[in-house]
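Letter by letter, the chains look like this.
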Amino acid sequence: MEFELWYLIAVPILFAAGWWLRGVDFKQHKKATEGIDEHYAKGLSLLLSDDPVKADKAIDLFIEVVRLDPETIELHHALGNLFRRRGQFDRAIRLHSFLVNRAELPEKERALAMAELALDYLKSGMYDRAESAYEQLAGFKGREVEALEALMHIYCTEREWKKAVETAERLQKSGKDLHVEISHYYCELANLARCTKDAARASEFVTSALKANPDNPRALSLAADLALDAGKPQDALAAWGQIEKAKPAYAPLIAAKKADVMAETDKAAAMKYLKDVFAQSGSVDVLTAAVARMSVWADAPTAAAFAGEALKNRPSLSAFSVLCNLRAKADPDDEQAKLLAEVTTKQSKHFARYQCTHCGFLAHTFAWQCPGCERWDSFPPLRVDEAKKASYH
Ligand SMILES: [Zn+2]
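A. Fine view of the overall build of the protein chain. For the protein chain, the count of helices and strands is 21 helices and two strands. Taking all contacts inside the protein chain whose residues are at least 6 apart in sequence as the whole, residues at least 24 apart take part in 50%. Within the structure as shown, the protein chain displays about 21000 Å² of accessible surface, and the carbon and sulfur contribution to it stands at 54%.

Structure, rendered in structure tokens:
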């Protein structure tokens, strides 16, 4: 706040200083700039006033100044930015719109004003206008990449995935590699289509996602889900097999689903598969899934023996919690076992979280895009306490 107050005073002073220091050329400009100093003086006093009506009047006067003398444009940009920083978006927009529409200004200056105007709209939450402003900015020489990057960010925020794909493809033409992002945008579209039971569209989007990034485990996982929806378990198994081959670290994410399909024909093979995935990854999610299924597919003692062995080989609070829950379930009247299960479950959830490798954001559930830094594929598919022990690394 103190800095902004300082800025409020400094900008008009610099504004005035910039004008007065150019006094050498004053005679040459005298006729064209007649009345500017008067506008400045009035504008400054009005701007420093707390009255919003007077501050609006100040903008009119400063606009008049730039109309008379385009060389003061840098100071106008500083003033526009000050308005935006103070949350006075309508004033910033008015000033920047005026500069954008001054046809006599050099293209470079109008492009800068357009970028500022787009930012005004973005910061004030007027996304439609921000989109339009960035589209116009993309038409200015040398500003296309920054405009398209900003548009891509807006479309992702608004979950306008088709537009995000189109924009990313335009950006790729400038040499940027966005195949990871494009593949995820298609996955988002496939998810939406699957939610509306449009399997054909969902399948098309998954194909496009895999075309952009053939090893995307998310797209392969979606292909498996669609195959299951269509009653084609063999196709689902093939898609999961591709994940295990191309991206083995992601196996824990699909292990439970795959085991369920395997168990329809061979329960022993399904249990062995879960044991193998756990042995490689140490994923407690896989351990939990394995123990729950073993209790049904085999019996409770088999599940308990596996949980005990898992805790011995890979000691962790999470594995201990799985064992405690199993004991509590086996004897519902044992209050101590129940309490121990509750406490260890709560504590292990606190430690077992996924972490973004880019910004360090911690999440309880796995996500393909980090909610903190918005990067794709920045969460490793193992929880923090498991990742150090996994045999993939
Ligand atoms: Zn992040």
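So much for the structure itself; the text now carries on.
B. Fine view of the coordination of the zinc ion. Around the zinc ion, the protein contributes the donor atoms Cys 356 (SG), Cys 359 (SG), Cys 370 (SG) and Cys 373 (SG), at 2.3 Å from the metal centre. Angles of 103 to 114 degrees at the metal separate the four donor atoms of the zinc ion, which places the site in the tetrahedral class. Going along the chain, you hit the donors of the zinc ion in the pattern C-x2-C-x10-C-x2-C. One end of the pair, Cys 359, is in the loop between strand 1 (354–355) and strand 2 (362–363); the other, Cys 373, is in the loop between strand 2 and helix 21 (384–387), and 14 residues separate them in sequence. The class of Cys 359 is partly exposed, set by a relative accessible area of 41%.

C. Highlighting the packing of aromatic side chains. Evaluation of the coordinates by the stated rule reveals nine aromatic pairs. With 6.0 Å between their ring centres and 75 degrees between their planes, Tyr 185 and Trp 376 make a pair best called edge-to-face. In this pair, Tyr 185 is assigned in helix 11 (residues 179–195) and Trp 376 in the loop between strand 2 and helix 21, connecting sequence segments 191 residues apart. No difference in accessibility class separates Tyr 185 from Trp 376, as the two residues are buried. For the ring pair Phe 366 and Trp 368, a centre distance of 4.9 Å and an interplane angle of 90 degrees mean the geometry is edge-to-face. Taken individually, Phe 366 and Trp 368 each receive the classification buried, so the pair is uniform in this respect.

D. Region of interest: a negative patch on the surface. Judged by side-chain charge, Asp 331, Asp 333, Asp 334, Glu 335 and Glu 342 come together as a negatively charged surface patch. If you trace the backbone, Asp 333 turns up in the loop between helix 19 (317–330) and helix 20 (335–351). For Asp 333, a relative accessible area of 70% translates into the label exposed.

E. The arrangement of the side chain of Ser 281 in detail. Topologically, Ser 281 is positioned in helix 16 (residues 267–281). For Ser 281, a relative accessible area of 0% corresponds to the buried category. Only 2.7 Å separates the side chain of Ser 281 from the backbone oxygen of Val 277, close enough to count as a polar contact. A polar contact of 3.1 Å, which involves the side chain of Ser 281, links it to the backbone nitrogen of Ser 283.

F. Layout of the pattern of salt bridges. Within this structure, the stated rule accounts for 17 salt bridges. Linking Glu 149 and Lys 176 is a salt bridge whose minimum nitrogen-to-oxygen distance equals 2.5 Å. Taken together, the positions of Glu 149 in helix 9 (residues 144–157) and Lys 176 in the loop between helix 10 (161–172) and helix 11 put the pair 27 residues apart, joining distant regions of the chain. Its relative accessible area of 33% is what places Glu 149 among the partly exposed residues. Among the salt bridges present, the one from Asp 225 reaches Arg 194, with a minimum N-O distance of 3.8 Å. On the criterion of sequence distance, the pair formed by Asp 225 in helix 13 (residues 217–229) and Arg 194 in helix 11 is long-range, its members being 31 residues apart. Residue classification places Arg 194 among the partly exposed residues on the basis of a relative accessible area of 31%.

G. Up close: a nonpolar patch on the surface. A contiguous nonpolar surface patch, about 340 Å² in accessible area, is contributed by Leu 317, Phe 320, Leu 340 and Phe 351. When contributions to the nonpolar patch are tallied by element, the ones reaching two or more residues are helix 19 and helix 20.

Conventions we followed
- Residues numbered from 1 in each chain as written.
- Predicted model: local features only at pLDDT ≥ 70, side-chain atom pairs only at ≥ 80, totals over all residues.
- Heavy atoms only, no water.
- Helix = DSSP H or I, 4+ residues; strand = E, 2+ residues; numbered from the N terminus.
- Contact = heavy atoms within 4.5 Å.
- Areas by Shrake-Rupley, 256 points an atom, 1.4 Å probe, with all protein chains shown as cover.
- Donors = N, O, S within 2.8 Å, 3.2 Å for Na, K, Ca; no water.
- Tetrahedral: all angles 85-135°; square planar, octahedral: opposite > 155°, others 65-115°.
- Buried < 20%, exposed > 50% of the residue type's maximum accessible area, 1.4 Å probe, protein only.
- Phe/Tyr/Trp six-rings, centres within 6.5 Å; stacked < 30°, edge-to-face > 60°.
- Patch = residues over 30% accessible without salt bridge, like charges linked within 9 Å, V, L, I, M, F, W, Y side chains within 5 Å.
- Salt bridge = Lys/Arg side-chain N within 4 Å of Asp/Glu carboxyl O.
- Lys, Arg positive; Asp, Glu negative; His and termini not counted.
- Charge placed at Lys NZ, Arg CZ, Asp CG, Glu CD.
- Polar contact = N/O pair within 3.5 Å; in protein donor to acceptor, adjacent residues only side chain to side chain.

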